[in-house]
Amino acid sequence: MDGIVYSIGGAAGADFTDAYDPATDAWTTRAPMPSGRDCMALAVLGKTIYAMGGRAFLTRPMPPDQPGWYSFYEVEAYDTTTNRWRMEPRMLRAVRGLAGAAVDGVLYSIGGNDSSKVEALMP
């Protein structure tokens with residue numbers, strides 16, 4: 001976007017947002033994701049990158065009181081002009097390993113894995 005390459009999220013629920021500028025051959029750290037995750041879909045609308053679904057490993061007790069991999073309902077939006085994340089309306093299903101696309105101003109989440117340990121990670 002605008003000549004910048006973004007790397008978002010990562011293994012085991014990393015919350016990284018990094019930006020690479022080929023003109024300067026340098027990486028910079030940007031605002032971290034509110035809920036770090038991997039196996040999510042990313043799509044771009046305008047100057048905003050949307051992170052949909054995904055998974056994270058949680059060791060803290062959650063229903064059903066078991067640590068493990070949990071899928072996300074959440075959609076978070078990263079505004080590249082303000083370097084800020086915001087919450088968007090949740091998806092209907094908690095999924096990971098999905099595909100994402102933005103076509104004619106509409107955001108799509110496609111496919112994914114519906115985990116047997118599906119729990120929302122944020123209220």
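What counts as what
- Residues numbered from 1 in each chain as written.
- Predicted model: local features only at pLDDT ≥ 70, side-chain atom pairs only at ≥ 80, totals over all residues.
- Heavy atoms only, no water.
- Helix = DSSP H or I, 4+ residues; strand = E, 2+ residues; numbered from the N terminus.
- Contact = heavy atoms within 4.5 Å.
- Areas by Shrake-Rupley, 256 points an atom, 1.4 Å probe, with all protein chains shown as cover.
- Patch = residues over 30% accessible without salt bridge, like charges linked within 9 Å, V, L, I, M, F, W, Y side chains within 5 Å.
- Salt bridge = Lys/Arg side-chain N within 4 Å of Asp/Glu carboxyl O.
- Pairing = 2+ DSSP bridges.
- Axes fitted to C-alpha atoms, helices over the stretch in contact; angles between N-to-C directions.
- Buried < 20%, exposed > 50% of the residue type's maximum accessible area, 1.4 Å probe, protein only.
- Lys, Arg positive; Asp, Glu negative; His and termini not counted.
- Polar contact = N/O pair within 3.5 Å; in protein donor to acceptor, adjacent residues only side chain to side chain.

(A) Fine view of the overall build of the protein. Secondary structure summary: the protein contains zero helices and 11 strands in total. Listed by position from the N terminus, the elements making up the protein come as β-β-β-β-β-β-β-β-β-β-β. In the protein, of all internal contacts separated by at least 6 residues, the share reaching a separation of at least 24 is 49%. Put simply, the protein shows about 6700 Å² of open surface, and 54% of that area lies on carbon and sulfur atoms.

(B) Examining a nonpolar patch on the surface more closely. Taken together, the side chains of Val 103, Val 106, Tyr 108 and Ile 110 make up a nonpolar region of the molecular surface, amounting to roughly 340 Å² of accessible area. With three residues, strand S11 (residues 106–110) is the single largest residue contributor to the nonpolar patch.

(C) Summary view of the sheet that holds strand S4 (residues 41–45). Taken in spatial order, the four strands make up an open sheet running S4-S5-S8-S9, and their pairing is antiparallel. The outermost strands of the open sheet, each flanked by one partner alone, are S4 and strand S9 (84–88). Adjacent strand axes in the sheet meet at a mean angle of 25 degrees when their direction is disregarded. Two elements, S4 and strand S5 (residues 48–52), share five bridges in a ladder whose sense is antiparallel. Bridged to Ala 41 within S5 is Met 52.

(D) The arrangement of the side chain of Asp 79 in detail. Looking at the secondary structure, you find Asp 79 in strand S8 (residues 75–79). Among buried charged residues, Asp 79 stands out as having no salt bridge; its nearest opposite-charge side chain is Arg 86, 4.5 Å away. Of the polar contacts made by the side chain of Asp 79, one reaches the side chain of Thr 81; its length is 2.4 Å. A polar side-chain atom of Asp 79 sits 3.3 Å from the main-chain amide nitrogen of Thr 82. If we ignore the near neighbours within four places in the chain, the residues touching Asp 79 are Lys 47, Thr 48, Arg 84 and Arg 86.

(E) How the structure looks around the pairing of S5. Of all five residues in S5, five are buried; the element is thus mostly enclosed. Judged by which residues are buried, S5 turns out to be covered on both faces: Thr 48, Tyr 50 and Met 52 on one side and Ile 49 and Ala 51 on the other are all buried. Connecting the antiparallel pair S4 and S5 is a turn made up of two residues, with Gly 46 showing a positive phi of about 60 degrees.

(F) Looking closely at the sheet that holds strand S1 (residues 5–8). Taken in spatial order, the three strands of this open sheet run S1-S2-S3, and their pairing is antiparallel. With one partner strand each, in any of the chains shown, S1 and strand S3 (26–29) form the two edges of the open sheet. The sheet shows a mean angle of 25 degrees between the axes of neighbouring strands, taken without regard to direction. Pairing analysis gives four bridges linking S1 to strand S2 (residues 17–21), with the strands arranged antiparallel.

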